[in-house]
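# Summary of structural features
Single-letter residue listing:
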Amino acid sequence: MALLVRVLRNQTSISQCVPVCSRLVPVSPTQGQWGRTLSGTSQKIKIAALRMYTSCVEKTDFEEFFLRCQMPDTFNSWFLITLLHVWMCLVRMKQEGRTGKYMCRIIVHFMWEDVEQRGRVMGVNSYILKKNMIIMTNNFYAAILGYDEGILSDDRGLAAALWRTFFNQKCEDPRQLELLVEYVRKQMQYLDSMNGEDLLLTGEVSWRPLVEKNPQSILKPHSPTYNDEGL
C-alpha cells in the first residue's frame, strides 16, 4: 500500500503533511519503555491491552475511511480514525470494573507510545513532535468527552460529536455523518456482545466493516482461543 506522500523534515507539522503508515510501528515488547511496561504482576492485562490497541491500528480499514469520508491520507487522519476505535475499546472495557479501567489506562499509554514512535520513524523534528504531542493529547481528551456525551445521546447528538471531532467541523455531506453514526452504533453493539472475561484475557477485538454487505446482519463474534495462561 503506497502511502508515502511527503515528509517535510524539521518544519513539518505532524498533523498536516506527515504521511500515515497504517500498521503498528514494529517495536519489540522486550525492548525500551514497552518492555518495562510489560513487566510486573499485571503483565497479562498489559499484553491484552497491547493486543487491543494493535487491533485498532492493524484491523481497521484506513483506506476505506479515507475514501468514504473523503479524508486526506495524513498522520492527522490516521490519528482521528485510531482515536475513534480506541475510544470504542475504552467504552467497552470500562464496563469490566476496576480491571477494565486499569486496562483502559494501559491502552491509552500504548497509543501515545505508538504515536511518538511513528513521529520519530518519520523523521519529524523532536521539538515539533513534542509540541504536537501536547496538542494531540488535549484533543484526545476533548474528543473522549464529546464522544462519551454523543454515545449516551440520540443519533443527532452522536452526529454532532463526530462532526466536531472526526470531521473537524468540515463535513458538508450528511451521508458521511450518517455512515459514521451507523458505524459507531453497530460497532458498540458488536463490542458489547463480546465476552468481557475473554477481552481481559486476550484483548482480541475485530471490527465490523464500515459498509456492511448485509446491513441486516451483525455476526456473533467468535470465542477467542488462549492457552492455560490465558494468552
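Rules and cut-offs
- Residues numbered from 1 in each chain as written.
- Predicted model: local features only at pLDDT ≥ 70, side-chain atom pairs only at ≥ 80, totals over all residues.
- Heavy atoms only, no water.
- Helix = DSSP H or I, 4+ residues; strand = E, 2+ residues; numbered from the N terminus.
- Buried < 20%, exposed > 50% of the residue type's maximum accessible area, 1.4 Å probe, protein only.
- Contact = heavy atoms within 4.5 Å.
- Disulfide = S-S within 2.5 Å.
- Phe/Tyr/Trp six-rings, centres within 6.5 Å; stacked < 30°, edge-to-face > 60°.

A separate point is the overall build of the protein. Across its full length, the protein carries nine helices and zero strands. Element order for the protein, N to C, with α for helix and β for strand: α-α-α-α-α-α-α-α-α. For the protein, buried positions account for 51% of its 231 residues. Long-range pairs, those at least 24 residues apart, make up 70% of the contacts in the protein with a sequence separation of at least 6.

The full count for this structure, using the stated rule, is zero disulfides. Here Cys-69 is not cross-linked by a disulfide; its sulfur's nearest cysteine counterpart is in Cys-171, at 7.9 Å. Judged by relative accessible area, Cys-69 falls into the buried class, the value being 3%.

A few words on the packing of aromatic side chains. Aromatic rings in a pair are described by how distant their centres are and how their planes are angled relative to each other. The tally for this structure, following the rule as stated, stands at eight aromatic pairs. Judged by centre distance (5.2 Å) and plane angle (55°), the ring pair of Phe-75 and Trp-78 falls under tilted. With Phe-75 and Trp-78 both in helix 4 (residues 75–93) and three residues apart, this pair spans about one turn of that helix. Exposure remark for Phe-75: the relative accessible area of 0% places this residue in the buried category.

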